[in-house]
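Working through the structure, step by step
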Amino acid sequence: MAKLELRHLNKTYSPKVIPVKDLSLDVDNDEFVTLLGPSGCGKSTTLRMIAGLEQPTRGDIVIGDKKVTYAAPGDRNIAMVFQSYALYPHMTVYDNLASGLKLRKMHSEEIRRRIAEVSGFLGLDSLMERKPGQLSGGQRQRVALGRALVRQPEVFLLDEPLSNLDALLREQVRAELKQIFESLHTPVVYVTHDQTEAMTLSSKVAVLNDGYLQQLDPPRRIYTHPANRFVAGFIGSPQMNLLDLNCDRGAAVLGDYRIPLPTGATPPARITLGIRPEHVELANSDVNGDTQTVQGKVILMENLGMSNLVSIRIRGAENVTLRALIPSDRTWREEMITLALPSEHIHWFDVETGERLFSEPLQIPTAHPQTQRLDIRST
Amino acid sequence: MTTTHPSAYPAAKTDRAFSLRKVLLTIGVIFVVVFSLAPILWQVLTSIKVNADIAAIPNVYFPRQFTLQHYIEIFNRRPFLNYMLNSFFVAATSTLLCLALGTPAAYALARLRVPGERFILALVLIVTLFPYILLFIGLLEIVRATGLANNYLALIIPYTAINIPLTILVMRSFFQQLPRDLEDSAKVDGYNTWQMLVRILLPLTTPALVTTGILAFIAAWNEFIFALTFITRESMKTIPVAVAQISGTAVFEIPYGALAAATVVGTLPLVILVLLFQRRIVQGLTAGAVKG
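Everything numeric here is computed off the predicted structure, so don't read it as measured data.

Quick look at the overall build of chain A
Along the backbone of chain A there are eight helices and 21 strands. The principal-axis extent of the C-alpha atoms belonging to chain A is close to 80 × 45 × 35 Å. Expressed as a percentage of the 379 residues in chain A, the buried residues total 41%. Considering only residue pairs separated by 6 or more positions, chain A has 64% of its internal contacts joining residues 24 or more positions apart.

This is the structure:
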């Protein structure tokens, strides 16, 4: 029951290889924080520094109120689940679970009690005398998890624990993980590059890129309010449409259309418009008068089963492609399609820095009501 | 019926091709086995022939009369059991020393970030390239100067030194094959480097330990020149020297029977050793450590 704090963590291998540049992060008792990012973003290095397997070049790691920055892994009260499980192949499942406890000179009664508890919980009772070689992938994964749980550590570290399971099993174990860690009240740091895992499991997601923390927020907010262009493009599948547009008199120019910018802001010369494909709707007669619509030519349609991913080329903007996720039961007749871009789902980013602009819930300027259908207007 | 015919014909054809291959393979195997085992078989047969058969012209290939006379002779009239124990002691001690010193070195070179690691490895490799006979002259001087002559250490130390590079190179490559996560996991569990080496890594490297151990043991057991030169006291001689020194009562009499018996006796422990550990050598202990 402790809090994990990372303060200005930096890891420098050489002047050119700096996987973690400056990372500060707090993980509270009840928090399940996922480090999410593309490969090479520094997430695994961060986890290994928390574990003590790598030493930070600068910065501090604090567990509870003890500074453990340079302590040996065995001297910090942490447990880690590895991607490859890393079970000891020459030991039985029981010994695998017990080894960390035996090393801490724990009473054998207590060891037995803890193992019995965890094995009952994870359904390992019948496997106790087997060796890892005789277990299936899912069973090994459970043993690896069990080995962390029996330790009752102050911090749990999980390094892509699901990536070696097949898709079906992964979903099942993911749900189990969520239940297990929700009941534990111990900080959990989970590393993954799979955003579904990050979104489903975590109480907070830390999106990393290029050695820096990009955003730390609950999954919902990461999705609805990405802090910058990177997070916007990284979270969500299919990827958010990110269009670099010119600005003109309080509106962004998208082909033949003008998308109004939020009021009260000084419009820059260029701006990035972001909208998720699932928020782009097929416009029909009952579209709310306020909603921005655009018309374009369908150039590609990909069937995803539940919906169709449609790529359109917007009229008047030959090099801009907009992708929309449209439910399979919605159809249209012509080659030209009219799409609605609900203003509450439009994100604006700075072209230069990629930072989010107009960060609070966007308001359509009342002085410039979009009452008429814009698809019939041309500039 | 008509449907079975077309499928049966190609099957028979592949069968025949397969069996031709099989025959060739069998012939090859028999040839290699005979080629490498015939001298040993000849020694075994000679050791149980009576002297008349050994000397007979034309050759008597298969003994007409069996005798254990030659074996009785080498154990009764000469202290062969003593020679074997000497050999065993020297070979076993140097093998254990080799593994005990070479394994930690190999681990350090494989995993810990040792400064000048490449240089050390190159050095180890160069040592193995030295012609044996050049070392021998220098060693003789050292043995003389330190007064180690007629001391088992005079054999144990050089044997260990000569086999250590092999141990380091083999064990290092084996350690490198072990998944790194396993060691990280052990560190997180609280093992220190030494405990990890002894309790996690060594059990996993048993096949490699046994293999290098046997190689080192065979090399030490068969070594001749150092044993001949550094040990002159009769009671301390090792098997290869003892076998070489078997001679007849007259200059012209060569005791083929006794020589053959001694050769068989000298080889047998090695054969037993290899058979004993065969399964260990083959065993793949890392199965199941990590996925895939």
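That covers the picture; the talk isn't over yet.
As for the sheet that holds strand E17 (residues 307-314) of chain A
Residues and elements named next belong to chain A. In spatial order, the strands read E15-E19-E16-E17-E18; together these five strands make up an open sheet with antiparallel pairing. Looking at the sheet topology across the chains shown, the edges are occupied by strand E15 (281-282) and strand E18 (321-327). Sheet topology note: the E15/strand E19 (residues 336-341) ladder contains two bridges and is antiparallel. By the bridge assignment, Glu281 is partnered in E19 with Ala340.

Here we look at the interface of chain A and chain B
Opposite the 24 residues of chain A that make contact, chain B presents 21 residues. Among the secondary structure elements, those contributing two or more residues to the side of chain A that touches chain B are strand E6 (78-81) and helix H2 (93-103) of chain A. Of the residues assigned to the side of chain A that touches chain B, the class counts are 14 nonpolar, eight polar and two charged.

Overview of the packing of helix H5 (residues 117-129) of chain B against helix H7 (residues 153-177) of chain B
Residues and elements named next belong to chain B. Direction vectors running N to C along H5 and H7 enclose 135°, while the axes themselves pass 9 Å from each other. Here H5 lies oblique to H7, going by the angle between them. As H5 packs across H7, the resulting crossing turns out to be left-handed. Two secondary-structure elements touch here, H5 through Val124, Val127 and Thr128 and H7 through Pro165, Leu166, Ile168 and Leu169. A class-by-class count of the residues in the contact of H5 with H7 yields six nonpolar, one polar and no charged.

Focus on the domain arrangement of chain B
Residue and element names in this part refer to chain B. Domain parsing of chain B yields domain 1 (4-47) and domain 2 (73-282). Inter-centroid distance (C-alpha atoms) of domain 1 to domain 2 is 37 Å. At the junction of the two partners, domain 1 supplies four residues and domain 2 supplies six residues. Residue composition of the side of domain 1 that touches domain 2, grouped by class: one nonpolar, three polar and no charged.

Some words on the environment of Leu339(A)
All names here are of chain A. Following the sequence through the fold, Leu339 ends up in strand E19. For Leu339, a count of 23 C-beta atoms within 10 Å corresponds to the buried category. Sequence separation of Leu339 and Pro187 is 152 residues, and the distance between their C-alpha atoms is 44 Å. If near-sequence neighbours (up to four positions away) are discounted, Leu339 is found in contact with Val280, Glu281, Leu282, Ala283, Thr293, Val294, Ile312 and Ala324.

Parameters at a glance
- Residues numbered from 1 in each chain as written.
- Chains lettered and ligands numbered in written order.
- Predicted model: local features only at pLDDT ≥ 70, side-chain atom pairs only at ≥ 80, totals over all residues.
- Helix = DSSP H or I, 4+ residues; strand = E, 2+ residues; numbered from the N terminus.
- Buried ≥ 20, exposed ≤ 12 C-beta atoms within 10 Å, placed from the backbone.
- Contact = placed C-beta atoms within 7 Å.
- Pairing = 2+ DSSP bridges.
- Nonpolar A, V, L, I, M, F, W, Y, C, P; charged D, E, K, R; others polar.
- Axes fitted to C-alpha atoms, helices over the stretch in contact; angles between N-to-C directions.
- Parallel < 35°, antiparallel > 145°, perpendicular 65-115°, else oblique.
- Left-handed = near helix turned anticlockwise from the far one by under 90°.
- Domains from an automatic or database assignment.

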